[in-house]
Each structure stands twice: as structure tokens, then as C-alpha cells.
Amino acid sequence: MSPSKTVVRESMEKSLFGKSTKSKVVERLVFALFRLSTYFVLLCAATIFVDIVYKGGKTVFRSEFPFLNVEFLSDSPQTLHVFEHQGRKYEMSDSKFRSFREGIDEPIVTETYAYSGGGIWPCIAGTLLLVAGAMIIAMTLGVLSAIFLSEYSRPGKILNAVRLSILNLAGVPSIVFGIFGMGMFVLAFGWNVSLIAGWFTLAFMVLPIIISASEESMRAIPQGMRDASFALGATQWTTIRTNVLPYAMPGILTSSIIGVARVAGETAPIMFTAAYALRDQLPWEGLERWYDLFFQGVMALPYHIYVVSAKIPQNEYTSRMQYGTAFVFLFIIAAIALSSILLRIRMRKKYRW
Amino acid sequence: MSLVSLRLQKEIKMDTPAVDSQRVDRNRPLIRISDFDFSYGDKQALFDINMDIAEHKVTAFIGPSGCGKSTLLRCLNRMNDLIESARINRGKVEVNGVDIYDERVDATELRKRIGMVFQKSNPFPKSIYENVIYGLRIQGIKKKSQLDETVERCLKGAALWEEVKDRLDTSGLSLSGGQQQRLCIARAMAVGPEVLLMDEPCSALDPVATAKIEELIHELKNDYTIVIVTHNMQQAARVSDQTAFFYMGNLIEMNATDQIFMSPDKEQTEAYISGRFG
């Protein structure tokens, strides 16, 4: 062996060892950073959820049977009366207070707190109605456009422009949709502040999500399915109807539902178009004609949270309403998202290729 | 022959005089391709193809990848219509004397007469039963007895009946690769075609499944005219009556299969068959 070879080997070992120690340190540091970032995100999410569930839970749940605060879930928002009577302290919603006072002769001195009594049932009903209608409109428009984009359209400048505008639509801030909805549906169409104006505003907002998700689902269907159908004498529409849409449906439905669940949480699009701060009647009460249902404003959970947190004087009683409403709202959104996941699992089992 | 041609002409709603089909001799080709130029966008894929495909014969298209054999096959039932950039620059394809690219021809009707089996078996994610009758369902046929009869006849015809008759309601995708391909053949047979186009039907199958399909092709010959694209020259030699060799979009040579494999006219053909290129 020549001496030069030994020298080469030594320096190589040296460099290898040195490098490995250094790179190991870097590796550990970077890895720790990634780990910490992830934990931090988890911590943030956990803080929000625990806070809302803990404080909201106090409003929504009761320690004795039926364990739920039935009044909160079934009554309308009312003024809260806080008073002392014969040495006992009472907290009562306005309607209960009135009937309580009936049987008592002496005057009662009360402190009143707006919006802090009663419940949020009209908001729950309004939000569910808003979500259902927006979803029907958005899915109809979205799926039809996605069929055109994925199956019929020819590549070219127009198609690129359409795609670009859909992408841009997804980036428009929600308040802009709110203003647009007010200008278009509330004022120009003369629908006033109404369910139907809110439906269309929310639907337009969720459209980009539904279109791109539906198109994606349809493109994922192997071309072989379409070819086989064409080769058996099917027209293009027959092929889409029998061999594209059914298999794309799980993807379309789940992403649409999740998209709708997301816009259901938006306050800005409905605050000018559909939401009332307070309304005595439930949406289906006192209708003269059946279609009046569409042309009335409703209360909605996100807007109610906004109203009780920002529009009225704050105190311990309003804070109970805020957290209770937030808790119910989170629960509803989670339920919608969960249902879409269950639906996907079920439909995936049916169609698999 | 005349019966088939009359049926085809009726289906395609052509007013070709009936005397034509009576006068023709029994050796008239079912499909005649003449001076056919075809391109995808700017890229010409087929150059001046002239070819006759005889009825009740198996015709094999062979040649290296990209030689245009699959393209020509897909021109025979107008599957290329679905590709936006596809253009026919010159020439025509006649089936029983009817130019299938005539503007009066309804391509969906044509595809019922000229069925196709694809390289990758593509059963629908439906039951075996529904797979077979798909072509009838979309025509609005609902009569249970007719559908049942079709399923049994076609699955028997595709040599699959014995293997699946007890589980017609299970998914077509639960079958093995070879069974899936036979299911696709049964499905194509259900709409009553005269011609079956097969685009490398065995390329994804193991030798046992391949042998079954080849056996099936031999039997199908009695009822159908078959055009098969294959990469496998032994397969072409085994199943076909006539063979066409393509190279770079040109039809180099077409002849009886024995002739092509024993003593080809062209040197290129011989080189390809003996494995010296391609």
C-alpha cells in the first residue's frame, strides 16, 4: 500500500464523522421546530375548543334531569330579569317574569339585561334553513357547471377565463359577497332582507368550492368508463348520467357539504341580506302565503353571536349567551361535517373501481 | 352477408339501393378503407391507408408502438370523434358500402353495430348482470325476459356463463382480469354488433387467461367479424386469418396470416416479425 492512500482514507473518515455530528444536530433542531409548530397549532385549537365547550357547556347543559337547558334550545331570545323576592334570588326571562308577577301583589324591583334570557331556537332554525337552501342552490348550479367544464367544454381561451374567474371568486372576501348580495338581491331584485336573498348570497360564495370539487371528482373517473359506454352506443349525456355522475357523487356531495358548512359560519354575507337581530316569530309562523317563507328575514347563529357580543352592553349574563350560542353553533357545524364524512364512507363502499 | 348489410344500411338510415347488396359477390369485404389520411392536430398519424377487411374473418393489426394500429382501429367505430384534435384529411371508411364518416351517419348507432373491447378491461362498477345489459338499458329496454335472455346468451357466448351464473349480482370488478375482459366482450355482444374491434385485449392478462380469450376469438369468428390489435406476434399468428403490418403510420403489408409469417413480401415486415427491430 502506498502512503498516499492511507492519507486519503484518514481524511475521509474525519470528514465523514465531523459532518455527521453537525448534520445530526441540525436534523434534531429542524425536527424539533416542526414538532413544536405542530404542537402549537394543536394547543391553539384545543384552547378555543376547551374554552367554548367548558363555558358554553354551563349554559347548554344542566346537572339535573333532563340534563339539557331546554329553555335555551327551544325559546326565543328575551330580556333577562334579575331580582330578589322574599329573600330568594331569581333570574327569569321576560315572559316567565310576567306570569310570575301575576300572582304577586307587591311591586318587584328588577334589573334587566337585554338578550340575556330565553334561548336561541329561532337562530338554530334560521341557520338550518339558510344552510339547506344555500346548499340546494349551490349544488344545482355548481354541479351543472362542473359537468360542462369537465365533460363538454373545449380547451381554449374562454375555458381558461372561466376557470380563472372561478378561482378568483374563491378569493373574494365574504363582506364583498354581503355587499353584492345586498345590492343585487335585496335592492335591485327587491327581495328585501330575506331568506332567499341570503340563500343566493351564500350559494354564490360556496360555488367555487363546489365547482372545483365536482370537476375534480368527475375527472377522477377513469376515461375507460366513458369509452366503454360510448362504444356501447351511448350518447355523451347518457354516459355522463349513467357512468360519470353516479361514481363522482360521493366526492361531489361530501365536498359540497363541507363547503356549505364553512359558509354557514360566515356572518358578513348574511348580515345585510338575510339576518335579523331579533324577530318574534319563527320562520314558519304567521305566513299568509306559502312563498312568504322565502321573503322574510331570519335570525341566525353567527349573527346572533355578533349581536350579543358586540352590539349590547356586556355583563356576566350576556357572556353566558355568547358561549352557549357558540357551543351550539360549533356543534351544528361539526354535525354537518361529520354527516358528510359518514356519507362518503357509505357511498365509497357502494362504488369502487 | 346480404342480410347483415341490409340491416346495417337500415340502421344507419342510408338510402343505398338494395340491388347493390344483392349483386355483390360473397368475397366483398365488410370494411373497406381507402386512401385514408388521419391526424391528431398537426401530427399526422395515418398515411394513405388502403385495406379490405373480410367478413367472418379475424384480422390482426401488428406493428411497433405508435405505428397507428390502434388509431386505425378506433377510426372504424368513430371512437376518435371524441378526441377534439382528431381529423380525417382524406379518404373514407366504408362498412358494407356505407361511408361511416358521412354526415348523415349517427355515430352512436354505428357503435352499436361495431363493438369494441379495450386494452384495459373496464367493467362498470355495477353487477355482472347490469354490466352485460348496459347497452340495452340505455336504449330503454326494460323487459325482464329479454334482459335475462341476453345476459345468458352473451355470457355463454363469451365463455363466462359457467363461472358466474350463480353470482350475477356481484360486482363486475370482483372478477379476475381475464374474466373481466370476457365480461367486456359479453357486454359488447349484448348490443348485437356485426363487428368486434379488440384493442390489445390480452396485454394485461396472464398466459392462461390469454389462451381462453384466444379460444373465444376462434369461436366468435362464426358470428362476428373481428379486428384485433396486438403486440404479440405469436398471438396474431395463432388467432388471425389475415394480418396487417403497420410502421410509422403506414400500412406496410397486408396478407393472409400464413403468408405474412412464412414469407413476407417486404423486408421491413420480415425484420419486425423475426424480432430484428420494433
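Residues numbered from 1 in each chain as written. Chains lettered and ligands numbered in written order. Predicted model: local features only at pLDDT ≥ 70, side-chain atom pairs only at ≥ 80, totals over all residues. Heavy atoms only, no water.

Here we take up the interface of chain A and chain B. Counting residues at the interface gives 20 residues for chain A, matched by 22 residues for chain B. Regarding the contact of chain A and chain B, the summed buried area is about 1700 Å², with carbon and sulfur atoms giving 65% of it. For chain A, the biggest contributors to the area lost against chain B are Phe230(A), Ala231(A) and Leu232(A); these three give 34% of the whole. Joining chain A to chain B, the criterion identifies one salt bridge. (Contact = heavy atoms within 4.5 Å. Buried area = accessible area lost by both parts, 1.4 Å probe. Salt bridge = Lys/Arg side-chain N within 4 Å of Asp/Glu carboxyl O.)

Empty pockets left among the atoms are what a rolling probe the size of a water molecule brings to light. Approximately 620 Å³ is the volume found for the largest pocket. What lines the largest pocket is a set of 29 residues, and nearest its centre among them are Glu151(A), Arg154(A), Gln223(A), Gln236(A) and Leu82(B). Where the lining of the largest pocket is concerned, the elements lending two or more residues are helix H4 (121-152), helix H5 (157-170), helix H7 (195-219), helix H8 (223-231) and helix H9 (236-264) of chain A together with helix H4 (107-113) of chain B. Of the residues that constitute the lining of the largest pocket, the class distribution is 13 nonpolar, six polar and 10 charged. (1 Å grid on protein atoms, 1.4 Å probe; cavity = no way out; pocket = protein on both sides within 12 Å on 5 of 7 lines; lining within 4 Å. Points joined across faces, edges and corners; volume = space filled by probe spheres on them. Helix = DSSP H or I, 4+ residues; strand = E, 2+ residues; numbered from the N terminus. Nonpolar A, V, L, I, M, F, W, Y, C, P; charged D, E, K, R; others polar.)

Further remarks concern helix H6 (residues 144-157) of chain B. Along an α-helix, a turn takes 3.6 residues, which lines up residues three or four apart on a common side. All names here are of chain B. Along its 14 residues, H6 runs 20 Å from first to last C-alpha, staying within 8% of the 20 Å computed at 1.5 Å per residue. What H6 keeps buried is the set Leu147, Thr150, Val151, Cys154 and Leu155. Viewed end-on, H6 has its buried residues packed into an arc of 115 degrees, placing them on one side of the element. Tucked into the core, H6 has its buried residues touching helix H5 (128-137), helix H7 (161-164) and helix H8 (177-190). Residue Ala159 follows H6 closely and has a positive phi angle near 55 degrees. (Expected span 1.5 Å × (residues − 1). Buried < 20%, exposed > 50% of the residue type's maximum accessible area, 1.4 Å probe, protein only. Arc of directions from axis to C-beta.)

Moving on: the sheet that holds strand S1 (residues 77-85) of chain A. Hydrogen bonds between backbone groups are what pair the strands of a sheet, and the pairing can be parallel or antiparallel. Residues and elements named next belong to chain A. A sheet is described by the order of its strands in space; here three strands give the open sequence S2-S1-S3, paired in antiparallel fashion. The sheet is open, and its two borders are formed by strand S2 (88-93) and strand S3 (110-118), each paired with just one other strand. Each strand of the sheet is rotated relative to its neighbour by a mean of 25 degrees, with strand direction disregarded. Pairing analysis gives six bridges linking S1 to S2, with the strands arranged antiparallel. If you follow His85 over to S2, its bridge partner there is Arg88. (Pairing = 2+ DSSP bridges. Axes fitted to C-alpha atoms, helices over the stretch in contact; angles between N-to-C directions.)

Okay, the domain arrangement of chain A next. Each assigned domain of chain A is listed here: domain 1 (21-68), domain 2 (70-118) and domain 3 (121-350). The C-alpha centroid of domain 2 of chain A is placed 39 Å from the C-alpha centroid of domain 1 of chain A. (Domains from an automatic or database assignment.)

All names here are of chain A. Two elements in contact, H4 and H7, have axes whose closest approach is 6 Å; the angle formed by their N-to-C orientations is 40 degrees. The orientation of H4 with respect to H7, classified from their angle, is oblique. Along this stretch, H4 crosses H7, giving a crossing that reads as right-handed. Among the residues making up the contact of H4 with H7, the classes are represented as 22 nonpolar, six polar and three charged. (Parallel < 35°, antiparallel > 145°, perpendicular 65-115°, else oblique. Left-handed = near helix turned anticlockwise from the far one by under 90°.)

All names here are of chain B. Mapped onto the elements of the fold, Asp35 is located in strand S1 (residues 31-40). Take Asp35: its relative accessible area is 35%, and that puts it in the partly exposed class. The residues touching Asp35, leaving out its near neighbours within four places in the chain, are Asp48, Ile49, Asn50, Arg90 and Gly91.

Quick look at unusual backbone geometry now. The phi torsion at Gln86(A) lies on the positive side, around 50 degrees, for a residue other than glycine. Residue position: Gln86(A) is located in the loop between S1 and S2. A residue is classified by how much of its surface remains accessible, and Gln86(A), at 67% relative accessible area, is exposed. The phi dihedral of Asp35(B) is positive, around 45 degrees, even though this residue is not glycine.

This part is about the pairing of S1(B). Residues in a regular strand point their side chains to alternate faces of the sheet. Residues and elements named next belong to chain B. The element S1 is largely enclosed, with a buried count of seven among its 10 residues. By the bridge criterion, eight bridges tie S1 to strand S4 (residues 86-95) in an arrangement that is antiparallel. Its bridge partner lying in S4, Phe38 is registered against Ile88. In the sheet, S1 pairs with strand S2 (residues 43-53) via seven bridges, with the strands oriented antiparallel. Its bridge partner lying in S2, Ile31 is registered against Ile53. The turn linking S1 back onto S2 is made up of two residues, and Gly41 within it adopts a positive phi angle of 60 degrees.

Residues and elements named next belong to chain B. Across all of its chains, the model carries zero disulfides over all chains by this definition. The cysteine Cys154 is free of any disulfide, with Cys184 supplying the nearest cysteine sulfur at 13 Å. For Cys154, a relative accessible area of 0% puts it in the buried group. Not part of a disulfide, Cys202 finds its nearest cysteine sulfur in Cys184, a span of 12 Å. (Disulfide = S-S within 2.5 Å.)

What follows covers the nonpolar core. Counting residues in each nonpolar core, the largest one holds 104 residues, and the members touching the most others are Leu130(A), Ile31(B), Ile33(B), Phe36(B), Met51(B), Phe61(B) and Leu72(B). In this structure Phe36(B) touches Leu46(B), Phe47(B), Asp48(B), Ile49(B), Leu72(B), Cys75(B), Ile88(B), Arg90(B), Gly91(B), Lys92(B) and Val93(B), once residues within four positions along its chain are discounted. Judged by nonpolar contacts, the second largest core, of 47 residues, contains Val58(B), Ile185(B), Met198(B) and Phe245(B). (Core = buried A, V, L, I, M, F, W, Y, C linked by side-chain atoms within 4.5 Å.)

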